[in-house]
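Survey of secondary and tertiary structure
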Amino acid sequence: MATIIEPFKIKVVEPIKMTTRAEREAAVRAAGFNLFKLRAEDVLIDLLTDSGTSAMSTHQWAGVMEGDDSYAGSRSWYRFEKVVKDLTGLRHVIPTHQGRAAERILFGILCKPGMTVPSNTHFDTTRANIEVTGAEALDLPCAEGKQPGLLAPFKGNMDVDALRKVLAERGRARVPLVMMTVTNNTGGGQPVSLANLRAARAVCDEFGVPFYLDACRFAENAWFIKQREPGQAGRTPTEIAKEMFSLVDGCTMSAKKDGLSNIGGFLCTNDDALAQQEKNLLILTEGFPTYGGLAGRDLEATAVGLEEVLHEDYLAYRQASIAYLADRLDRAGVPVVRPPGGHAVFLDAAAFLPHVPRHEYPGQSLAVALYLHAGIRSCEIGSVMFGKPNPAGGPEVPSRLELVRLAIPRRVYTQSHIDYVLESVLEVHAQRASLRGVRIAEASPHLRHFTARFEPLT
Ligand SMILES: *Cc1c(COP(=O)(O)O)cnc(C)c1O
């Protein structure tokens with residue numbers, strides 16, 4: 001049987017609202033042509049992010065009812081802790097309300113001005129939480145990861161030779177930890193191989209530096225290892241995930257991704273003294289160490305989600321669905337980043353709209369066009385997000401790539417929704433010559449993509 005089906009049936013449905021083109025024009029104008037400022041109910045297919053947008057299973061909802069909200073020592077906490085310990089093998093588990101809370105606690109304790117935290121590529125909240133301490137967040141992606149069209153199995157890998165150089169130069173005293181982000185979100189959701197994790201571990205051992213996982217998409221990464229890494233096909237995703245965690249001294253996690261939960265996260269470490277400091281800080285800002293800012297029901301939903309996310313039928317379906325969209329677009333001549341990552345398809349807006357100059361934000365123009373045409377909300381990841389003022393004056397310095405991300409929420413949309421997205425992108429592609437750029441009418445100095453107002457150019 002060639003068709004890979006959704007390994008679930010639908011028990012509860014959430015209606016989505018059809019809108020007319022005129023209604024979408026009014027909505028996007030009122031939002032200043034910024035899709036973050038739309039009301040979600042005016043969106044038909046919401047591909048803004050895969051974070052916190054998963055559909056929960058019957059078992060998770062049953063867990064929600066079972067949630068124990070005792071302030072200290074709740075049953076839900078012990079269930080959560082056991083699942084996380086079984087998965088990671090790490091000694092201390094600290095619950096947090098989401099990933100960035102784990103990051104803030106970890107880096108707040110370990111990082112000082114003048115220090116450096118190397119990574120394959122830091123996610124933006126990770127980078128920000130390092131930089132706010134005065135330390136440097138250093139990206140060391142592998143060479144293949146820097147070429148968007150190149151087909152390679154593990155484009156999320158770290159450049160381990162570069163890591164060795166950094167550690168040799170700066171030494172243990174100035175590198176408090178090394179991080180590996182799986183999958184490499186900022187690098188397009190590309191996976192990291194077990195071989196690369198082992199090599200990075202070995203270099204960290206040489207210099208006595210702790211090695212951490214940013215584990216947000218550990219299950220998607222494990223699935224790619226099973227599919228692509230020599231010798232791994234016969235292992236289960238759970239066995240592979242456990243090996244990934246066995247190579248590290250600690251991890252940060254957002255349960256809003258591969259926790260299949262709408263909120264939650266955790267921080268783990270094998271270091272007893274560090275765990276004590278982390279719990280002290282947790283109590284100050286998140287909550288008592290047996291709930292960490294979460295309700296008992298959230299701990300339950302995550303405990304169940306962390307096990308479900310490793311089911312092979314689920315991972316096969318998820319990857320097939322994303323690869324289907326990317327491959328069909330590619331075959332029809334739409335420029336996409338290849339191979340597709342684990343949670344999203346990325347359109348190359350600079351190649352899609354070659355007549356729109358970079359300082360007129362082709363990614364924003366394409367994202368707005370997709371919404372106007374079909375009610376699809378995507379996310380610009382280009383010069384609106386990363387453009388920099390030009391010190392010499394004149395147009396901004398554009399970001400390295402102009403991408404539009406179609407992030408696929410977990411277990412939310414069906415195959416016909418994916419086909420609708422596919423057709424919509426193809427239709428917008430057919431009209432691409434008529435699309436024009438935008439200009440920024442108003443923007444804040446930091447993280448402007450969330451709040452900027454745009455005006456279409458004519
Ligand atoms: C989402 C994400 C985070 C931050 O998690 P939040 O739950 O959004 O705070 C950190 N790292 C990566 C790789 C992520 O994708």
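The structure this text deals with has already been given above.
Report follows, based on the coordinates. (Residues numbered from 1 in each chain as written. Predicted model: local features only at pLDDT ≥ 70, side-chain atom pairs only at ≥ 80, totals over all residues. Heavy atoms only, no water.)

1. Thoughts on the site of the ligand
Applicable threshold: For this purpose, a residue is taken to be near a molecule or strand whenever a single non-hydrogen atom of the residue falls within 4 Å of it. We define a polar contact as two N or O atoms separated by no more than 3.5 Å, with the added condition that, inside protein, one atom must be a possible hydrogen donor and the other a possible acceptor, whereas residues neighbouring each other in sequence contribute only through side-chain atom pairs. Here the Shrake-Rupley method, with its probe set to 1.4 Å, supplies the accessible areas, and only the displayed protein chains count as covering residues. Numbered from the N terminus, helices here are DSSP runs of H or I no shorter than four residues, and strands are runs of E no shorter than two. Residue polarity follows a fixed list, in which Ala, Val, Leu, Ile, Met, Phe, Trp, Tyr, Cys and Pro are nonpolar, Asp, Glu, Lys and Arg are charged, and the others, Gly among them, are polar.
The immediate surroundings of the ligand are formed by 15 residues, with Arg100, Asp214, Arg217, Ser254 and Lys257 found nearest. Take glycine 99: an N or O atom from its main chain is 2.9 Å from an oxygen atom of the ligand. Within the contact set of the ligand, an oxygen atom lies 2.8 Å away from a side-chain nitrogen or oxygen of arginine 217. Calculation on the ligand without its partners gives an accessible area of 380 Å², and the protein chains cover 98% of this total. When contributions to the shell around the ligand are tallied by element, the ones reaching two or more residues are α4 (99-110) and α5 (124-131). Broken down by element, the shell around the ligand gets its largest block of residues, 3 residues, from α4. In the shell around the ligand, the residues fall into 2 nonpolar, 7 polar and 6 charged.

2. Some points on the packing of helix α3 (residues 75-88) against helix α9 (residues 237-246)
So the rule is basically this: Where helices are involved, their axes are fitted lines through C-alpha atoms of the stretch in contact, as for all axes, and angles between N-to-C directions lie from 0 to 180°. Oblique is the label for every angle not falling under 35 degrees (roughly parallel), over 145 degrees (roughly antiparallel), or within 65 to 115 degrees (roughly perpendicular). By definition, residues are in contact when any of their heavy atoms lie within 4.5 Å.
Interhelical geometry of α3 versus α9 gives an angle of 85° and a closest axis separation of 7 Å. Taken together, α3 and α9 sit at an angle that is classed as roughly perpendicular. Facing Asp86, Leu87 and Thr88 of α3, the residues of α9 in contact are Ala241, Lys242 and Phe245. Its residues placed into classes, the contact of α3 with α9 shows 3 nonpolar, 1 polar and 2 charged.

3. Re the layout of surface pockets
Put simply, the rule is: A cavity, in this analysis, means grid points on a 1 Å lattice covering only the protein atoms where a 1.4 Å probe fits yet has no way out; a pocket is instead an open set bounded by protein on both sides within 12 Å along at least five of seven lines, and a residue lines either one if it has an atom within 4 Å of a point. Grid points are joined across faces, edges and corners, and a volume is the space filled by probe spheres set on the points.
Roughly 1,400 Å³ of volume is contained in the second largest pocket. Taken together, 38 residues form the lining of the second largest pocket, with Val12, Ala55, Met56, Arg411 and Val412 sitting closest to its centre. Every element with two or more residues in the lining of the second largest pocket is listed here: α2 (58-66) and α12 (312-331). The element that contributes the greatest number of residues to the lining of the second largest pocket is α2, accounting for 3 residues. Grouping the amino acids of the lining of the second largest pocket by side-chain chemistry returns 18 nonpolar, 11 polar and 9 charged.

4. Observations concerning the nonpolar core
Soluble globular proteins tend to bury their nonpolar side chains together. Test applied: Nine residue types can take part in a nonpolar core, namely buried Ala, Val, Leu, Ile, Met, Phe, Trp, Tyr and Cys, and a core is a set of them joined through side-chain atoms within 4.5 Å. Relative accessibility under 20% of the residue-type maximum defines a buried residue, over 50% an exposed one, and the middle range a partly exposed one, all with a 1.4 Å probe and only protein chains included. Each domain span listed reflects an automatic or database assignment of domains.
Val178, Met180, Leu197, Leu213, Phe218 and Met244 are the most contacted members of the largest nonpolar core, which totals 55 residues. Two domains each provide a minimum of three residues to this core, namely domain 1 (21-50 + 312-456) and domain 2 (58-308). What phenylalanine 218 contacts, discounting residues up to four positions off in sequence, is Leu87, Val182, Ala241, Met244, Phe245, Met253, Asp258, Leu306, Val309 and Leu310. Judged by nonpolar contacts, the second largest core, of 47 residues, contains Ala27, Phe33, Leu347 and Ile376.

5. Brief notes about the side chain of serine 254
Within the fold, serine 254 resides in strand β7 (residues 250-254). Apart from residues lying up to four places away in sequence, serine 254 is in contact with Gly99, Cys216, Gly259, Gly264 and Gly265.

6. Thoughts on the pattern of salt bridges
Any two side chains of opposite charge can pair, on the condition that their charged atoms come close. Here is the rule: The salt bridge definition used is simple: a Lys or Arg side-chain nitrogen within 4 Å of an Asp or Glu carboxyl oxygen.
A complete count under the given rule lists 30 salt bridges for this structure. Arginine 198 is paired through a salt bridge with glutamate 243; the nearest N and O atoms lie 2.7 Å apart. Here arginine 198, found in helix α7 (residues 194-207), pairs with glutamate 243, found in helix α9; they are 45 residues apart in sequence, far enough to count as distant. Taking relative accessible area as the criterion, glutamate 243 reaches 18% and is therefore assigned buried. With its nearest N and O atoms 3.0 Å apart, the salt bridge here joins glutamate 220 to arginine 410. Taken as a pair, glutamate 220 in helix α8 (residues 218-228) and arginine 410 in the loop between β12 (403-407) and α16 (415-430) lie far apart in primary sequence, 190 residues in all. Like arginine 410, glutamate 220 is buried. In the salt-bridge network here, residues are joined through shared partners; they are Asp50, Arg217, Glu220, Asp258, Arg318 and Arg410.

7. Overview of the packing of aromatic side chains
Stated precisely, the cut-off is as follows: Classification of ring pairs uses Phe, Tyr and Trp, with its six-membered ring standing for Trp, and accepts pairs whose centres are within 6.5 Å; under 30 degrees between planes counts as stacked, over 60 as edge-to-face, and the remaining range as tilted.
The final tally for this structure, using the stated rule, is 8 aromatic pairs. A centroid spacing of 4.9 Å and a plane angle of 75° characterise the contact between phenylalanine 36 and phenylalanine 450, whose relative ring orientation is edge-to-face. A residue pair is termed long-range when its members are at least 10 positions apart, and phenylalanine 36 in the loop between α1 (21-30) and β1 (45-46) and phenylalanine 450 in the loop between β13 (438-442) and β14 (453-456) qualify at 414 residues. A relative accessible area of 40% places phenylalanine 450 in the partly exposed class. Connected via pairs of aromatic rings, a cluster forms that spans Phe8, Tyr314 and Tyr317.

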